[in-house]
2 protein chains.
Amino acid sequence: MTSVDAAGAGPIRLTGDARAAYRPASSARITAGFWRHWQQVNASTTTPGAWEQLHRAGNVHDLGLAAGTTSGQYRNDHPFMDTDVYKWLEAVSWLTQAGMADDELGDRAAAVVALLGAAQEDDGYLNSYFQVAQPGARFADLRWGHELYSAGHLIQAAVARFRATGNADLLRIAVGMADLIDRSFGTEPGRIDLVDGHPGIETALVELYRTTGDHRYLGRAEYFLDRRGHGLLGPARRPPDTFGPQYWQDHVPFRDAGTVQGHAVRQLYLMAGAADIYLETGDERLLAACERLWEDMAATKTYLTGGVGSHHLDEAFGDPYELPAERAYCETCAAIASIQLGWRLFLATGRARYAELVERTLYNGFLGGVSLGGDTFSYVNPLQVRDGHHPTGGDMDPARVRWFRCACCPPNMMRLFASLQHYAVASDSSAVAVTQYISGRYRAETAEGELELAVRSALPWHGETEIRIEQAPSAPVALRLRVPAWSDGMAVGVNGVPVPACPQDGWIVIAAAWAAGDSVALSFGTPVRLVRADPRVDAARDAVALERGPLVFCFESADLPVGHRLDDLVLAQDAPALVRQVAGLPGMTGIQVTGRSRPGRRPLWWPYGPIPPQEEPDPAGATVTATAIPYFARGNRQPGAMRVWLPSS
Amino acid sequence: MTSVDAAGAGPIRLTGDARAAYRPASSARITAGFWRHWQQVNASTTTPGAWEQLHRAGNVHDLGLAAGTTSGQYRNDHPFMDTDVYKWLEAVSWLTQAGMADDELGDRAAAVVALLGAAQEDDGYLNSYFQVAQPGARFADLRWGHELYSAGHLIQAAVARFRATGNADLLRIAVGMADLIDRSFGTEPGRIDLVDGHPGIETALVELYRTTGDHRYLGRAEYFLDRRGHGLLGPARRPPDTFGPQYWQDHVPFRDAGTVQGHAVRQLYLMAGAADIYLETGDERLLAACERLWEDMAATKTYLTGGVGSHHLDEAFGDPYELPAERAYCETCAAIASIQLGWRLFLATGRARYAELVERTLYNGFLGGVSLGGDTFSYVNPLQVRDGHHPTGGDMDPARVRWFRCACCPPNMMRLFASLQHYAVASDSSAVAVTQYISGRYRAETAEGELELAVRSALPWHGETEIRIEQAPSAPVALRLRVPAWSDGMAVGVNGVPVPACPQDGWIVIAAAWAAGDSVALSFGTPVRLVRADPRVDAARDAVALERGPLVFCFESADLPVGHRLDDLVLAQDAPALVRQVAGLPGMTGIQVTGRSRPGRRPLWWPYGPIPPQEEPDPAGATVTATAIPYFARGNRQPGAMRVWLPSS
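Fair warning: this is a prediction, and the values are worked out from it, not measured in the lab.

S.K.: What is the right way to read the overall build of chain A from this model?
M.R.: The helix and strand tally for chain A stands at 14 helices and 24 strands. Against the globule reference of 26 Å for 649 residues, chain A gives a C-alpha radius of gyration of 25 Å, in line with a compact fold. Counting contacts in chain A only where the partners sit at least 6 residues apart, residues at least 24 apart contribute 69% of the total. For chain A, the distance from the average position of its 58 positive side-chain charges to the average position of its 73 negative side-chain charges is 2 Å.

Pasting the structure below:
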């Protein structure tokens, strides 16, 4: 196996031929601030804790059965439980690259890789479920079997491990499985001409092509994309219902799709795969479809938090503007998928809007999926939990739990936390673009040479941000700095001298012959913003939400005066004030508002009634002070009501 | 078998010992008007059409396999498909009682009964799924097997056939199965101490007790009720989630329950069973729990249409006021269950509110489950379908279809249509109560003798109603006439002479020594009503709905001027006007309103934005005229958007 890969690269390492507007920084490391804290939580608690959960839930045991090193019954119902191990391995790899993995994590990863090596069959096949629980059924249930999806996560883990450590042990295993898939699938006689019920193999095969230089993988990724939408899988049946072929993205050829539809994670993983194929092939129809679908999603099917997916039943996108706050599904994995897609579309096009939604999703829809301690998780991330909520139990209740029966989200979070540095800075031949102000060190290539930046930002709490040049080529290079849509006024200084800031298309551009030690100071305005939704979003009608900087805020029962219910709170739109102390949430900045507590005017037994005459004003209700907290910090105190959208008078 | 039953009785025939405020009319027949039309549609199209569907879907085939009269594979996935045949048999029975079943229906019913007799095993067991598809697993999967639920429908069909025709053939079969269940279940050693995952056996066993006089069935019904809430079934698992024990009503002992929870049909069938047990035992704690739960449901978990159930995933009640219009589940069967429960609670207590909700549910949440032609059905009955709705396919899309994979709803509608006459009139020792103004002939017993009434009502289109005395005892008897909450002003005349109408607790009472030919004329006011919801119902915030008489109205795209989208419509609250002609809906009265078409103020790519300054008024939008149609008539023209709640300015 010839490797053409480069050390230091992140989840996406474009080939030299890639049709990209930007290329990711060649090396990146988060050094301080908000996201450094979260990476530390991930390194010290979340990822190590997952090791125990993967044992407790049986994932490692089941792999041991496949390897012949363990005895007993196969423990998991789902055929995709290996992927949680793969995602964990990928997370450990990125932690290792960042210098944040201790020896114990490293040893455990090596042990799992050895287990996978022992489990792999001679022809390359590796999937504990179909080796142990359903032997003989290999590639026989593409609809629900998740075999290619699982292989995709194996490949991504292997690529990460190789890039992080130079160790090709897992890569050899992944290549074995990828080669088996490549020679088993296709339109040629004797091959299986089917796609997987869950996309995910597409991005992985493109990344394996990028890592190995072997064009077979790119071609096979194109095959898996192109064979969708021809009804090969039929409708997705689950009693008592039929979800239809859109559930597994088999309803329309990708290039012809006009709206995001079906299972949200499946849709977004497929879009990311198509974006990757575009990046390496230049197939403009793929990019056009990706951009069209993304626009449809952003404009009509995305929650304020960046979360997506309105349906619990089929974990699917809903209709345009079908965004009920309480029944928001907003699976954490869908937020992750949206971030991964947005980064690819940014690299492909250089458009700021993609980075904009990545930022929103990162701070809200994604980060809200884990507790502040990093040890409990939410699978669904609704924008409202009512007073009197009856927990339904199971994965789909908003309450945070240590692990899920279908535990896709937690290890998915771990790998994104651990690789987050790679989603911030990119470059083209003449400029370096800072898309996320994540405190860190970044090296990026231009035609003139390498620029090294040190970013320090007080975000999300304050807008003060400094970009220091650590190393620069002698020729001038432009700095392209994204101006977030949430920024209200911005001051820019270069080496202490104010410079005019005229954002264009979401960027300010400062071109200079930079020298080490030069400094660009940015000060983004971060006032509290009251926002409202398109009137077609019924759940948010005549309601407002609070935002500040990249953060969406929410209200929780815990921050209301005793005796008041959150569902009775109406916002009075006088000036909100920042508060530096929120009870039970140390270090969190909240937003204090004045509201009125206006109990529902409920008839004796029926909640609907005539409109009162105009002369009869609504009862004013008691004036109360309530503090909104960042959405990501919700659910970290006693159980209670929560809401993002607050009715306004 | 000794029968103590009476001919002419409907689905509920109380025993002499029953602890009831009212007893159903001893005979009842719908003779004219709105519901006569629907009964005719049911008799001529819906029920005969179901015969074909039950063959096409394999239900009859599968019973034939159990009977040994057919060969081949068992065709259905679900273990409860026999119940659709039972419900159809029950519907045919009530049609026969009403003189609306032709010979062909009668012959088919007799053939099915013969098939059931041949399929029944020597010990009484009868369930094609566990006889053919899963032999040897009898009573082994109480969680999902639906065996007792299925037996419940068998018993109800048998009781109906016996009451309608005097033919005990099916009753003997049902008694065989009931006796087997009775001797198989219980706390005694060697018996199965479990309850069914789906309630339904409870009401059936009580009715079998009423029919046979055998107290064992009443006792067994009590046993099945009392053993719930002790965790015998464990949580209800369905990958990837766990619904919790509330899904099958095993989360709390019934007497202790404080809120309606879990699967809506299961909850309501269980409540109806508890109400039946109360009626025959006088166990006050059961009635108290039923009333408490009903109050909770009506006040916080019922849609304007009377529909219930907010969750698609687990077909469950949501949290209090969690009533999103677009994700309303409102299964047709849940509306039916609510009507059956409401009638029992009315009989138990005499409270008008139960009849009130029965009426609302009947005209809206129930009737909306079938097309105007009676040949297509909706399983879910949301209060909103958006512009740009993407059909998801399957049972849970709002589009009407001919049959469902899980076809519980259509035959459930058939049996309620066919027995509807029994839900209108009741009596106690001194009074006859008219709870629903359904044109028909009713005979009801009082201590003074029998009163026979002929009701003629123009409802739901007009409020004019006449109650003519056809036969009366010589002693005075009171007429108790329900005054619907929707009635705005009411004129009452007796034999042409106006009498003062002073409703009390929802009734007017007219006591007289009636004579044949006497006439009571009622004129209910039926103005168009603009109603709004408790502010906690977020989906309806600052929106209004239109009602008139017992009907809830909705808007459909079809009634908007070309080029306007329903999702952009805002109601201008000037006087709505009745229109007698609605395009494509002959005979339907609509309500014309003036609105404004105000397109969403959408930024380029993101549907959320800052609140505009106070000085900047909303764009007024174009003035449009739109016609609302009765909710039950929705979905009978071309596919399009629909909504009950319209934003108001």
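S.K.: Sorry, what's going on with the environment of B:W645 here?
M.R.: With respect to the helices and strands, the residue B:W645 is situated in the loop between β23 (642-643) and β24 (646-647). Along the sequence, B:W645 and B:A325 sit 320 residues apart, while their C-alpha atoms lie 8.0 Å from each other. Filtering out sequence-adjacent residues up to four positions away, B:W645 remains in contact with A:Y608, B:L304, B:L383, B:V531, B:R532, B:A533, B:A540, B:A543, B:V544 and B:A545.

S.K.: Which parts of the structure should I look at to understand the interface of chain B and chain A?
M.R.: Accessible area lost upon the coming together of the parts is a frequently used measure of interface size. Taken together, the contacts link 84 residues of chain B with 84 residues of chain A. Together, the buried faces of chain B and chain A total about 7,300 Å²; carbon and sulfur atoms form 54% of this surface. Taken together, the links from chain B to chain A amount to six salt bridges. Measuring nitrogen to oxygen at the nearest pair gives 3.9 Å for the salt bridge that ties B:R327 to A:E322. Here chain B is connected to chain A by 33 residue pairs in polar contact (both at pLDDT 80 or more). Elements with a minimum of two residues in the side of chain B that touches chain A: β3 (237-238), β4 (241-242), α11 (284-300), α13 (352-366), β16 (528-533), β17 (543-548) and β21 (608-610) of chain B. In terms of residue class, the side of chain B that touches chain A is built from 34 nonpolar, 21 polar and 29 charged.

S.K.: Sorry, what's going on with the relation of the copies chain B and chain A here?
M.R.: Here two copies of a chain appear, and what relates them is a rotation about an axis with a shift along it. Here chain B sits on chain A after a turn of 180 degrees about the axis and a move of 0.0 Å along it, with an RMSD of 0.0 Å. These values place the two chain copies in the arrangement generated by a two-fold rotation axis. When the interface residues of chain B are mapped onto chain A, 100% of them again lie at the interface, so the same face is used by both copies.

S.K.: Before we go on, may I ask you to explain the packing of aromatic side chains in this structure?
M.R.: Describing an aromatic ring pair means giving the distance of the ring centres and the angle of the ring planes. For the structure shown, the criterion picks out 69 aromatic pairs over all chains. Judged by centre distance (5.7 Å) and plane angle (45 degrees), the rings of A:W605 and A:W606 are tilted. Judged on exposure class, the residue A:W605 and its partner A:W606 are both buried. Aromatic side chains B:F243 and B:Y247 sit 4.9 Å apart centroid to centroid with 45 degrees between the ring planes, which places their arrangement in the tilted category. An aromatic cluster of at least three residues, connected via ring pairs, comprises A:F34, A:W35, A:W38, A:Y363, A:F366, A:F417, A:W461 and A:F632. Its end group placed over the ring of B:Y223, B:R220 keeps NZ or CZ at 4.9 Å from the ring centre.

S.K.: What should I look at first to understand the sheet that holds strand β12 (residues 490-494) of chain B in this one?
M.R.: The strands making up a sheet associate through hydrogen bonds between their backbones, and the pairing can be parallel or antiparallel. All names here are of chain B. One open sheet holds the seven strands; their spatial order is β2-β8-β9-β10-β15-β12-β13, and the pairing between them is antiparallel. Of all the strands in the sheet, the pair left with one neighbour each is β2 (27-30) and β13 (497-499). Across the sheet, the mean angle separating the axes of adjacent strands is 25 degrees when strand polarity is ignored.

S.K.: I'm lost on the nonpolar core in this one. Help?
M.R.: Grouped burial of nonpolar side chains is what soluble globular proteins tend to show. In terms of nonpolar packing, the biggest core is built from 465 residues, with A:W35, A:W88, A:W645, B:W35, B:W88 and B:W645 touching the most fellow members. Those residues in contact with A:W88 that sit more than four places away from it in its chain are A:T47, A:A50, A:W51, A:L54, A:L105, A:R108, A:A109, A:V112, A:P411 and A:M414.

S.K.: Honestly, the sheet that holds strand β11 (residues 477-482) of chain B in this entry has me stumped. Any pointers?
M.R.: All names here are of chain B. With mixed pairing, the five strands of this open sheet are ordered in space as β1-β6-β7-β11-β14. Each edge of the open sheet carries a strand with a single partner, namely β1 (23-24) and β14 (507-512). Of the pairings in the sheet, the one linking β1 to strand β6 (residues 425-427) comprises two bridges and is antiparallel in character. Bridging from a neighbouring strand, P24 pairs with A426 of β6. The strands that helix α12 (residues 332-349) touches are β1, β6, β7 (431-434) and β14; relative to β6, the one it contacts most, it runs at about 25 degrees.

S.K.: What's the story with the environment of B:L522 in this structure? I'm lost.
M.R.: All names here are of chain B. Along the chain, L522 falls in strand β15 (residues 519-524). On the basis of relative accessible area, L522 is assigned to the buried category, the value being 3%. Residues L522 and A558, 36 residues apart in the sequence, show an inter-C-alpha distance of 36 Å. In contact with L522, other than residues within four places in its own chain, are Y437, G463, E464, T465, I467, L481, A491, V492 and I508.

S.K.: It is not clear to me how unusual backbone geometry should be interpreted in this structure. Could you clarify?
M.R.: What you tend to see is this: most non-glycine residues have negative phi, and most peptide bonds are trans. A:L459 connects to A:P460 through a cis peptide bond whose omega is 5 degrees. Along the chain, the position of A:P460 falls in the loop between β9 (449-457) and β10 (464-471). The backbone of B:N495 sits at a positive phi, close to 50 degrees, despite the residue not being glycine. Its location among the elements puts B:N495 in the loop between β12 and β13. Positive phi, close to 50 degrees, is recorded for B:D505, a residue that is not glycine. Mapped onto the elements, B:D505 comes out in the loop between β13 and β14.

S.K.: It is not clear to me how the packing of α12(B) against helix α14 (residues 409-419) of chain B should be interpreted in this structure. Could you clarify?
M.R.: Helix-helix packing is characterised by the crossing angle of the two axes and by the distance between the axes. All names here are of chain B. Look at α12 against α14: their axes get within 9 Å of each other, and the N-to-C directions meet at 30 degrees. In terms of orientation, α12 lies roughly parallel with respect to α14. Considering only the axes of α12 and α14, their crossing is left-handed. Across the interface between the two elements, T332, C333, I336, I339 and Q340 from α12 touch C409, N412, M413, R415 and L416 from α14. Taken together, the residues of the contact of α12 with α14 sort by class into six nonpolar, three polar and one charged.

S.K.: I tried to follow the pairing of β17(B) on my own but got confused; where do I start?
M.R.: Regular strands place side chains that alternate from one sheet face to the opposite one. Residues and elements named next belong to chain B. Counting buried positions along β17 yields six of six residues, so the element is predominantly enclosed. Here β17 shows no split at all, with A543, A545 and E547 on one side and V544, L546 and R548 on the other all buried. Here β16 runs beside β17; their pairing, made up of four bridges, is antiparallel. Across the sheet, the residue bridging to R529 is E547, located in β17. Looking at chain direction, β17 and β24 are connected through two bridges and run antiparallel.

S.K.: Help me understand the pattern of salt bridges, please; the structure alone is not making it clear to me.
M.R.: In a structure, side chains of opposite charge can pair up when their charged atoms sit close to one another. Residues and elements named next belong to chain A. What the rule picks out here adds up to 94 salt bridges over all chains. Here R482 and E359 are joined by a salt bridge, their closest N and O atoms 3.1 Å apart. Linking R482 in strand β11 (residues 477-482) with E359 in helix α13 (residues 352-366), this pair joins segments that are 123 residues apart in sequence. The pair formed by R482 and E359 is uniform in burial state, with each residue classed as buried. Between D375 and R402 there is a salt bridge whose closest N-O contact spans 3.6 Å. Remark: R402 occurs in the loop between β5 (384-385) and α14 (409-419) and D375 occurs in the loop between α13 and β5; sequence separation between them is 27 residues. You can call R402 partly exposed: its relative accessible area is 47%.

S.K.: For this particular structure, what's the right way to read the pairing of strand β17 (residues 543-548) of chain A?
M.R.: All names here are of chain A. Here two bridges tie β17 to strand β18 (residues 551-556), and the two strands are oriented antiparallel to one another. Residue pairing for β18: R548 is matched across the bridge by L551. Connecting β17 to the antiparallel partner β18 that follows it, the hairpin turn spans two residues, and G549 within it adopts a positive phi of roughly 55 degrees.

S.K.: Please explain helix α11 (residues 284-300) of chain A as it appears in this structure.
M.R.: Given 3.6 residues to a turn, an α-helix orients residues that are three or four positions apart in the same direction. Residues and elements named next belong to chain A. Taking 1.5 Å per residue as the helical rise, α11 with its 17 residues ought to reach 24 Å, and the 24 Å between its terminal C-alpha atoms agrees with that figure. Extensive coverage of α11 is indicated by the burial of twelve of its 17 residues. The elements touched by buried residues of α11 are α9 (215-226), α10 (264-281), α12 (332-349) and α13.

S.K.: Got a minute to help me understand the environment of B:V593 in this structure?
M.R.: Among the secondary structure elements, B:V593 is positioned in strand β20 (residues 590-597). If we ignore the near neighbours within four places in the chain, the residues touching B:V593 are B:L546, B:F555, B:L571, B:P576, B:V624, B:T625 and B:A626.

S.K.: Honestly, the side chain of A:D182 in this entry has me stumped. Any pointers?
M.R.: Residues and elements named next belong to chain A. Among the structural elements, D182 can be located in helix α7 (residues 169-184). Among the residues examined, D182 registers a relative accessible area of 9% and is labelled buried. Within the local environment of D182, its side chain forms a polar contact with the side chain of R220, the two groups lying 2.9 Å apart. Among all residues touching D182, those that are not within four sequence positions of it are R191, R216 and R220.

S.K.: How should I be thinking about the confidence of the model for chain A in this particular structure?
M.R.: For chain A, per-residue confidence averages 94 on the pLDDT scale, and residues scoring 70 or more make up 97% of the total. In the model output, the complex is listed with pTM 0.96 alongside ipTM 0.93.

S.K.: Just checking my understanding: could you explain α9(A) for this structure?
M.R.: All names here are of chain A. For α9, with twelve residues, the first-to-last C-alpha span of 17 Å sits near the 16 Å given by 1.5 Å per residue. When we look at burial in α9, the residues that qualify are Y217, L218, R220, A221, Y223, F224 and L225. In this fold, the buried residues of α9 make contact with α6 (147-165), α7, α8 (201-212), α10 and α11.

Conventions we followed
Residues numbered from 1 in each chain as written. Chains lettered and ligands numbered in written order. Predicted model: local features only at pLDDT ≥ 70, side-chain atom pairs only at ≥ 80, totals over all residues. Heavy atoms only, no water. Helix = DSSP H or I, 4+ residues; strand = E, 2+ residues; numbered from the N terminus. Rg over C-alpha atoms; globule rule 2.2 N^0.38 Å. Contact = heavy atoms within 4.5 Å. Lys, Arg positive; Asp, Glu negative; His and termini not counted. Charge placed at Lys NZ, Arg CZ, Asp CG, Glu CD. Buried area = accessible area lost by both parts, 1.4 Å probe. Salt bridge = Lys/Arg side-chain N within 4 Å of Asp/Glu carboxyl O. Polar contact = N/O pair within 3.5 Å; in protein donor to acceptor, adjacent residues only side chain to side chain. Nonpolar A, V, L, I, M, F, W, Y, C, P; charged D, E, K, R; others polar. Least-squares fit on C-alpha atoms with pLDDT ≥ 70 in both. Phe/Tyr/Trp six-rings, centres within 6.5 Å; stacked < 30°, edge-to-face > 60°. Buried < 20%, exposed > 50% of the residue type's maximum accessible area, 1.4 Å probe, protein only. Lys NZ or Arg CZ within 6 Å of the ring centre and 35° of its normal. Pairing = 2+ DSSP bridges. Axes fitted to C-alpha atoms, helices over the stretch in contact; angles between N-to-C directions. Core = buried A, V, L, I, M, F, W, Y, C linked by side-chain atoms within 4.5 Å. Parallel < 35°, antiparallel > 145°, perpendicular 65-115°, else oblique. Left-handed = near helix turned anticlockwise from the far one by under 90°. Expected span 1.5 Å × (residues − 1). pLDDT = per-residue confidence, 0-100.

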